[in-house]
Every structure is written in structure tokens, then in C-alpha cells.
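# Per-entry structural report
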Amino acid sequence: MDVESVLILVLVTVAVVGLVRWFAGRTGLPAAALLPIVGVGYALLPVPGITLDPDIILTLILPPLLYSAALDSSMLAIRRNLRTVVSLSVVLVLLTALLIGLGFAWFVTGATLAAGIAVGAAVAPPDPVAALAVGHRVGLPPRIITLIQGEGLLNDATALTILSVAVAAATGGDFSPLSAAGQFLVAAVGGVAVGVLVAFVVRLLSRPLAGDPLLANAVSLATPFAAYLLGERLHVSGVLAVVVVGLIVGHHTPRSASGAGRLQTSAVWRLVDFLLEGFVFLLIGQQLPQVIEGLAGYDTTTVVVAVAITVGVVLVLRPLWLLLTLVLPGVLQTWWRRGPAGERGPAWLTGREVIALSWSGTRGVISLAAIFTLPLVTRSGDPFPARDLLLFCTFVVVLVTLVGQGLTFAPIIGVLGLHADDNDRARLRNEARSASVEAALAALDELEEQGHDDISAQTIETTREQLRARLNRYRERLLLLRDHYSADPPISPLYESALHVRRVTIDAQRDELLRWRDAGRLPDEGLRILERELDHEERLLPDRPTRR
């Protein structure tokens, strides 16, 4: 494919991703579930497609996506729910791989236990993108969001490590349960260590670069690749290294980065997520012809049995495992709830939370990338056992979960009535805002007492009046929230009109600046500086209502 063809393909891909994203915003459907359908339709057209290269996915696409997700996650929230997160991202992944492996060894002709465990490891880790897109839109409680995020961050490392062990066994390498457990432990511990080391280096660089947002963003974009490559070179989990460094850096960013740097970094990573996620979900559907071509050598019964085992274990084992949280004996339940040094941990999962988490296990491109890494032949020169069948089973699981569960997740959440208490969250934010303004007023009092010669009393008084006005506004919102408790946070007509006035004045200022520029009175460089000031002011306001 020549350069012009590649450019056309890139432009078409971006256009398709943008259209699907626009359609998803209008309909409320998750783009991650719609893009594979569009990809399947594209694959059926007589035009050249893109073949999935697992090395590119695992090296160039997976690290930035995981790092961005880790930056947006809460290390404290994941730590509070660590037992449940580990249960889903490690234990459940192990059980899924093992059960699918046994099913293939017992019921699928031509498959071995190691080959079955390989496909089980590939389909075991959920890709939470579709579930989180729906969850944020419908207002899932923060704890459920945390569990979905935490599981999605950690399960890839578990699955890829199991896959490497299974492939080694299937291709004729030395294998024993003890050596497999040791390899898994070394990969996990080493991945965490590499992540901590890279995070330490990034934190050392963050303060000197805080005044230069461009350099800070360059470091941010390079960080996931550095962590992944270092982990892989040391033969430990590069995926886990990326997750750990993302969680640590995201936790310390409020202290180490400047405001301008955080705004720019957030915008950059939103764009990266949009393009990469759109590309990979579109790429999933385009693999259909290649996957189907490999089934010519299998009879229908074998294919049906293999697909039934894979899909059945994936769909059934997850809710069964989560249901254990409702039926565990009281003694074990008490131990699980108890935190370090006898502290009480987070509450046990409820029935509605179990249903929501059961249906959030959508699979994605990581499963396909993992299964495509299977070698064509073993060390003895024989074909890899049932490789084409394993590819097809993985593809079916991805489509069934990503499209089926992705499109029905929102209605199920609506039936469950599992929504976050927006009123409580709004109250908490306003209490935090009030506390921060009170701290600022106290700092002003200290400045006034110290009597700095270069700070006038008028400047301090003007700033104090502005802060007091802001504090009064926050307190008014708190009173409204307490007096009108409901599922939807009430908005004061006075506050709503104030927002309208601020938008009108910002628009007027921007229009006047453009008139100055067009008349030749203001150079474009000056326009960009002044417009950026207005953009930052406008960004503080709530989003404008979307017309449908």
C-alpha cells in the first residue's frame, strides 16, 4: 500500500470514527459497541482493509490507552476496594482461563489443555471502555465505576502472563504448575517495581518542567511507552508497569503539575483516547474475513462446541463468581470486610451491584491482539493446535459481549435503578469549594498581618471581596441542595441566569476581539493570547445544553 493510499485510509477511518461518535452522542448508544458493527460492514465491502498486527496493538496502542485510564482513576478508591478488584482481575481471570482450557481439552477435537488455556486467557480480561462510557452517562455510583476501572487496569497483565505460559507449554516448552506460578509472580512483582521506578523518575522531572506545559506533555506522552518497554526488556509485565506508573502519576499530578500543564495534558489525552479507541474498535470488525477463512478445515460440530464453551464460560462464570459475594459464610465475609489493623473495609457487594458488574464484562481489542500472537507452528514444526478455531472463538466472544452487552448495559442499569446520588456529590463538591475559599481568606489575613510593602491594602481588600462573593455563592447552593433534596440536583434560577449572563459577556468579548483583528488593530498573536484567557474562563462554566 503506497503513502497516498495509507493517507486516504487514515482520513476515512477518522471520518468514520467521528460520524459514529456523533451518532452515539445523539442516540445515547456507546460508540465502542457501534464501531465493531461498522467495521464488520466495511470488511464485507470489496475494498482493502487493515490486518490486525498484535505487536503494534500491544506496543503502540495498549500502553497509552492503559496509561490514560490509570491517570483518570483513583488510586485511593482502588486501594479501598482492592480485594474485590484483585478478585475480578486476577482470580476470575485465572479461573476463566482454566475452565475454558479444560473444556477444550475434554470436548474439542484437536485442541489441547494448553491451547484451551491460551484462548481462555485471551478472552478472560474485560475491556471496560464500553461499560464505562455507559456508566458515566447514566450516572453509575462511584464505587461501581471504580471496580470496573480497577478490574480493567489490572486484568490485562494477568491475562497476558497466563497466555505466555500457555503458549510456551503448547509449543513444546518446559511447563509445570510451580514454574508457571513462579513466572506469574516474577512478572507481577517486577511490573510493579518498574512502574514505581518510572513514576519516581517522572515525578523528579515534573517540578522542573512545571513551567513549560509543552515539555511536560512530551514527557507525559512518552511515559507509558518507556514503562512498557522497560518492563518487557526486563522480562516482567510491561502492562502492569504502565498501570502502576499511571496510578502514581495521576495521584501526584495535582501537587506537581501547573494549572496550564494539567489543562493541556487533559486535552491531549482526551484526543489520544478518542482516536485510538475509535481505531481499535473499528479494527475489530475488520478482522472478520481473515478469521472466517481459517475455519475451512473444521466441521460444524467442533466449531459450535468450541464457541459454546468459550462464550458460555465467559458469560456464566462472571455472575457466578460475583454471586459468591452474596453467599459467603459470615465468618469469611467478616474477614473480607476487615481492613488492615482491624479497620473496617468497604461494604460487601449488593445484589444490584452484582448484576451491574456481571453485565459490564465486555471484551475488546486486547483479546483479539492477544490471540493473534499465537505462533503458527510449535517448536517441533507442527501446526499450533486448533489456532484458527481459537481465533474464531475469541472473535465471537468479543462481538457477543461488546455489541450485545454494550448495547443493553444502559437499559439494565435503568431497570436496576442503580444511580449515583447526584445531590450528595454536588453537596460534597460545594463543601470542598467553600473550604478552599475559606483557606484562601485565611491566607489573605496572614498576608495582611505580615504587612508586605509591595502589596497594597486595596489589593488585599479587593481580593477578599471577590472571595467572599464566591463563598456566598457556594453557601447559597448548599442551602438549595439541603432544602430541595431530590435525585436531580436543583439549580437556582438566579444561578442559571448568572451563567447565561457570563456566557453572553464572554461571547461579546470574543466578538469584539475578532472585530479588532479583522480591522487590523490587533495582530493574530495578540488575539490568540486574549482568546485563550476567555477560553479558560469559559471552561470553568458548566457545559451548554446539547440540542437533540
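Residues numbered from 1 in each chain as written. Predicted model: local features only at pLDDT ≥ 70, side-chain atom pairs only at ≥ 80, totals over all residues. Heavy atoms only, no water.

### Section: the overall build of the protein chain
Operational definition: Counting from the N terminus, the helices are DSSP H or I runs at least four residues long and the strands are E runs at least two residues long. When accessible area is computed with a 1.4 Å probe and restricted to protein chains, residues below 20% of their type maximum are described as buried, those above 50% as exposed, and intermediate ones as partly exposed. Residue contacts are defined here by distance: any two heavy atoms, one from each residue, within 4.5 Å place the two residues in contact.
Helix and strand counts for the protein chain come out as 22 helices and 0 strands. In the protein chain, buried positions account for 44% of the 548 residues. Restricting to contacts in the protein chain with at least 6 residues of sequence separation, those with at least 24 account for 80%.

### Some details on a nonpolar patch on the surface
To be explicit about the condition: Each patch is built from residues that are more than 30% exposed by relative accessible area and take part in no salt bridge. Like charges join if they lie within 9 Å; nonpolar side chains (Val, Leu, Ile, Met, Phe, Trp, Tyr) join within 5 Å. Per-residue and other accessible areas were derived by the Shrake-Rupley procedure at a 1.4 Å probe size, with only the shown protein chains allowed to occlude residues. We define a salt bridge as a contact between a side-chain nitrogen of Lys or Arg and a carboxyl oxygen of Asp or Glu at a distance within 4 Å.
On the surface, a nonpolar cluster with roughly 630 Å² of combined accessible area is contributed by L197, F200, V201, L204, L205, L230 and L234. When residues of the nonpolar patch are assigned to their parent elements, the largest contribution, 5 residues, is made by helix 9 (residues 177-206). Considering the arrangement of structural elements, one finds L197 in helix 9. Accessibility expressed as a relative area gives 46% for L197, which makes it partly exposed.

### With respect to unusual backbone geometry
Backbone geometry at H235 places phi at a positive 60°, although glycine is not the residue there. By the element assignment, H235 lies in the loop between helix 10 (213-233) and helix 11 (238-256). What makes H235 exposed here is its relative accessible area of 70%. Notably, A386 is not glycine yet its phi reads approximately 55°, a positive angle. Positionally, A386 belongs in the loop between helix 17 (365-372) and helix 18 (387-416).

### A look at the side chain of T362
Note that T362 resides in the loop between helix 16 (351-358) and helix 17. Apart from residues no more than four positions distant in its own chain, T362 is found in contact with P126, D127, A130, A131, T401, L402, Q405 and G406.

### With respect to the packing of helix 3 (residues 54-71) against helix 17
What counts is decided by this rule: Axes here refer to lines fitted to C-alpha atoms; in helices the fit is confined to the stretch in contact. Angles between the N-to-C directions go from 0 to 180 degrees. Note that the term roughly parallel is reserved for angles under 35 degrees, roughly antiparallel for angles over 145, roughly perpendicular for angles of 65 to 115, and oblique for everything else. Crossing chirality is assigned from the near helix's rotation relative to the far helix, an anticlockwise turn below a right angle marking it left-handed and a clockwise turn marking it right-handed. All residues other than Ala, Val, Leu, Ile, Met, Phe, Trp, Tyr, Cys, Pro, Asp, Glu, Lys and Arg, Gly among them, are scored as polar; the first ten of these are nonpolar and the last four charged.
The interhelical angle for the contact between helix 3 and helix 17, taken along N-to-C directions, is 135°, at an axis separation of 8 Å. Classified by the angle between their axes, helix 3 and helix 17 sit oblique to one another. Note that helix 3 runs across helix 17; the crossing there is left-handed. Where helix 3 abuts helix 17, its residues P54, I57, L58 and L62 lie against V365, I366, A369 and F372. When the residues that make up the contact of helix 3 with helix 17 are grouped by side-chain class, the tally is 8 nonpolar, no polar and no charged.

### Examining the confidence of the model for the protein chain
Detailed reading of the predicted model is not advised wherever pLDDT is low. Keep this limit in mind: pLDDT expresses, on a scale from 0 to 100, how confident the predictor is about each individual residue.
Averaged over all residues, the pLDDT of the protein chain is 80; the fraction at 70 or higher stands at 86%. Of the regions scoring below 50 in pLDDT, residues 485-491 engages in 17 contacts with residues more than four places distant in sequence or in other chains.

### Focus: the packing of aromatic side chains
Stated formally: Pairing of aromatic rings covers Phe, Tyr and the six-membered ring of Trp, with a centre-to-centre limit of 6.5 Å; geometry is then stacked below 30 degrees between planes, edge-to-face above 60, and tilted otherwise.
Summed over all chains, the structure comprises 2 aromatic pairs. Residues Y67 and W269 carry aromatic rings whose centres are separated by 5.5 Å and whose planes lie at 55° to one another, so their mutual orientation is tilted. Here Y67 is found in helix 3, whereas its partner W269 is found in helix 12 (residues 259-286), with 202 residues between them in sequence. Accessibility assignment for this pair places Y67 and W269 in one class, buried. Measuring from centroid to centroid gives 6.4 Å for W106 and F107, while their planes differ by 90°, and the two rings are edge-to-face. A relative accessible area of 62% means that W106 is categorised as exposed.

### Topic: helix 8 (residues 142-170)
The cut-off we apply is this: Working rule for helices: expected span equals 1.5 Å times residues minus one. Values of bend correspond, residue by residue, to the angle between axes fitted over the seven residues ending at that residue and the seven starting there.
Relative to the 42 Å expected for 29 residues at 1.5 Å per residue, helix 8 spans 42 Å between its end C-alpha atoms, a close match to the ideal helical length. The sharpest bend along helix 8 reaches about 30° and sits at N155. For helix 8, the buried fraction is high: 24 of the 29 residues fall into the buried class. Looking at the residues trailing helix 8, positive phi occurs at G172, about 100°.

### What to know about the side chain of S220
Applied cut-off: Between N or O atoms, a polar contact is any pair within 3.5 Å; within protein, one atom must be a potential hydrogen donor and the other a potential acceptor, and residues adjacent in sequence are included only when both atoms are from side chains.
Mapping S220 onto the fold places it in helix 10. For S220, a relative accessible area of 9% puts it in the buried group. At a separation of 2.8 Å, a polar atom in the side chain of S220 contacts the side chain of W269. Non-local contacts of S220, meaning those with residues more than four positions away in its chain, are made with Y67, T265 and W269.

### Quick notes on helix 22 (residues 524-539)
Spelled out, the test is: The arc under discussion is defined with respect to the helix axis, by the directions toward the C-beta atoms.
End to end, helix 22 covers 22 Å across 16 residues, agreeing with the expected 22 Å (1.5 Å per residue, within 8%). Buried residues of helix 22: G526, L527 and L534, and no others. One side of helix 22 holds all its buried residues, which, seen down the axis, span an arc of 100°. Facing away from the buried surface of helix 22 by more than 90 degrees, the exposed residues are E525 and R528.

### Notes on the pattern of salt bridges
The tally for this structure, following the rule as stated, stands at 9 salt bridges. One salt bridge in this structure joins R318 and E151, with 2.7 Å as the shortest N-O distance. Here E151 lies in helix 8 and R318 lies in helix 14 (residues 300-327), a separation of 167 residues in the sequence. Judged by its relative accessible area of 3%, R318 falls in the buried class. The shortest N-O distance in the salt bridge between E461 and R464 comes to 2.9 Å. Of this pair, E461 and R464 both sit in helix 20 (residues 457-483), 3 residues apart, roughly one helical turn. Here the salt bridges do not stand alone but share partners, grouping D445, E461 and R464 into one network.

### Notes on the packing of helix 3 against helix 8
A pair of packed helices is characterised by two quantities: the angle between their axes and the separation of those axes. It is at 10 Å that the axes of helix 3 and helix 8 come closest, and there the two elements cross at 145°. Here L58, L62, L66, A69 and A70 of helix 3 come into contact with helix 8, specifically with G152, L153, D156 and L160. Its residues assigned to classes, the contact of helix 3 with helix 8 comprises 7 nonpolar, 1 polar and 1 charged.

### Observations regarding the environment of F200
Take F200: it is sitting in helix 9. Expressed as a C-alpha distance, the spacing of F200 and I248, which sit 48 residues apart in the sequence, is 8.8 Å.

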